[in-house]
Amino acid sequence: MTEVKLVVQRFDPFIDAKPRMMEYAVPKREGMTVLDALLYARDYLDHSIGLRFSCRQASCGSCGMKINGRPRLACYTQVAELGGDKVVTQPMDNFAIIKDLVTDLGSFFEKHREIMPYIIRADTKEVEKPSAEYVMKPEELEEVLQFTYCIKCGLCTSSCPTVATDSKFPGPQALAQAYRYTMDPRDEGGVKRLELLDDAHGVWRCHFAGSCSFVCPKGVDPALGIQLLKRHVMSGKAPHREGAKVWAPVGAMAPQK
Ligand code: SF4
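Keep in mind that what you see is a predicted model, and the values were worked out from it rather than measured.

Moving on: the overall build of the protein. Each helix and strand counted, the protein has eleven helices and nine strands in total. The dimensions of the protein, computed from C-alpha atoms along their principal axes, are 65 × 45 × 30 Å. Scored against the burial criterion, the 257 residues of the protein give a buried share of 46%. Within the structure as shown, the protein displays about 13,600 Å² of accessible surface, and the carbon and sulfur contribution to it stands at 54%. One way to put it: in the protein the 34 positive side-chain charges average out to a point 1 Å from where the 32 negative ones average out.

Residues in contact with the ligand amount to 13 residues; listed here are only the nearest, Cys150, Ile151, Cys153, Cys156 and Cys216. Split into classes, the residues belonging to the shell around the ligand amount to nine nonpolar, two polar and two charged.

Before going further, it helps to spend a moment on the packing of aromatic side chains. Evaluated as defined, the whole model comprises four aromatic pairs. Pairing Tyr40 with Tyr44 gives two aromatic rings, centres 4.8 Å apart and planes at 45 degrees, and the pair type is tilted. Of the two residues, Tyr40 and Tyr44 are both situated in helix H1 (residues 34–45); the distance of four residues between them amounts to about one turn of the helix. Classification of Tyr40 as partly exposed rests on a relative accessible area of 28%. The exposed category is assigned to Tyr44, whose relative accessible area is 62%. An angle of 75 degrees between the planes, with centres 5.5 Å apart, marks the rings of Phe147 and Tyr179 as edge-to-face. Of this pair, Phe147 sits in the loop between helix H5 (138–144) and helix H6 (155–159) while Tyr179 sits in helix H8 (residues 171–182), and the two are 32 residues apart along the sequence. With a relative accessible area of 1%, Phe147 lands in the buried category. Lying over the aromatic face of Phe214, Arg70 brings its terminal NZ or CZ to 4.7 Å of the ring centre. Note that Arg180 overlies the ring of Tyr181, its terminal NZ or CZ placed 4.0 Å from the centroid.

The full count for this structure, using the stated rule, is zero disulfides. Lacking any disulfide linkage, Cys75 is separated from the closest cysteine sulfur, that of Cys63, by 3.7 Å. Looking at Cys75, the relative accessible area reads 11%, which means it is buried.

What follows covers the side chain of Asp46. Structurally, the position occupied by Asp46 is in the loop between H1 and strand S3 (64–67). Judged by its relative accessible area of 14%, Asp46 is buried. Those residues within four positions of Asp46 in sequence are excluded, and the remaining contacts are Arg10, Met22, Tyr24 and Ala41.

Now for the nonpolar core. Counting residues in each nonpolar core, the largest one holds 33 residues, and the members touching the most others are Leu6, Val26, Val34, Leu38, Leu73, Ala74 and Val87. Residue assignment for this core shows that the elements contributing at least two residues are strand S1 (3–10), strand S2 (20–27), H1, S3 and helix H2 (79–82). Sort the elements by how many residues they give to this core and H1 lands first, with six residues. Once residues within four sequence positions are removed from consideration, Leu6 is found in contact with Met22, Glu23, Tyr24, Val26, Ala37, Leu38, Ala41, Val87 and Thr89. Ile115, Val203, Cys216 and Val233 belong to the second largest nonpolar core, which has 21 residues in total.

Rules used in this analysis
- Residues numbered from 1 in each chain as written.
- Predicted model: local features only at pLDDT ≥ 70, side-chain atom pairs only at ≥ 80, totals over all residues.
- Heavy atoms only, no water.
- Helix = DSSP H or I, 4+ residues; strand = E, 2+ residues; numbered from the N terminus.
- Buried < 20%, exposed > 50% of the residue type's maximum accessible area, 1.4 Å probe, protein only.
- Areas by Shrake-Rupley, 256 points an atom, 1.4 Å probe, with all protein chains shown as cover.
- Lys, Arg positive; Asp, Glu negative; His and termini not counted.
- Charge placed at Lys NZ, Arg CZ, Asp CG, Glu CD.
- Near = heavy atom within 4 Å.
- Nonpolar A, V, L, I, M, F, W, Y, C, P; charged D, E, K, R; others polar.
- Phe/Tyr/Trp six-rings, centres within 6.5 Å; stacked < 30°, edge-to-face > 60°.
- Lys NZ or Arg CZ within 6 Å of the ring centre and 35° of its normal.
- Disulfide = S-S within 2.5 Å.
- Contact = heavy atoms within 4.5 Å.
- Core = buried A, V, L, I, M, F, W, Y, C linked by side-chain atoms within 4.5 Å.

So yeah, pure geometry; function would need other evidence.
So this is what it looks like as structure tokens:
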């Protein structure tokens, strides 16, 4: 049976002065992912390895880490695709370490919340009790679709050189989502978001390194979203929208009472 040499960066900030690397010999099998290898090591070799995971299918974004030096999802990375028999796992950069491979995503989610990642409308009564279905044109959906695939794994933020030097910078994930909601024809909160981002630590701090788009496991291009967002921040105007059309075919949808 062939083995993979799994190297795990270990660090408990409450106990350790600095990180150390530990090696585990894991039996290799066809189709084995890095997460599989880590779970084998934790279950059979060392119960104290700290890691986070949930869905095992690249949907939840929990198992982001650095694998052989590059930010990746452990569940979405097969050992075979890395080449060689050595796999080095480390926590994501730009985040505080809770333990071993588990990082603190608290500030990441806080920045996501700050850009108001939801539809904002003045007609609150209609929001609470919609009278019909609101539809987007196919071309409007096309503009934002890729950004809706974000699973909030944090890989883009961990790879961003601006996040590494400016802790107030919202980061590629939050900025791409600001673009996604501002471009949504049902949204009326664009100007509020643009004001928030027109700041010394805001959208202008992005120097278009592009590493965020390179590492995204879901094919999102946050760097593109940020550049497009800059255009609207510059004008101070949210894109002109006629407002999403209310679609209620006769007899298909009765207004709610
Ligand atoms: S944009 Fe991609 S890399 Fe960034 S949080 Fe979303 S899914 Fe993860």
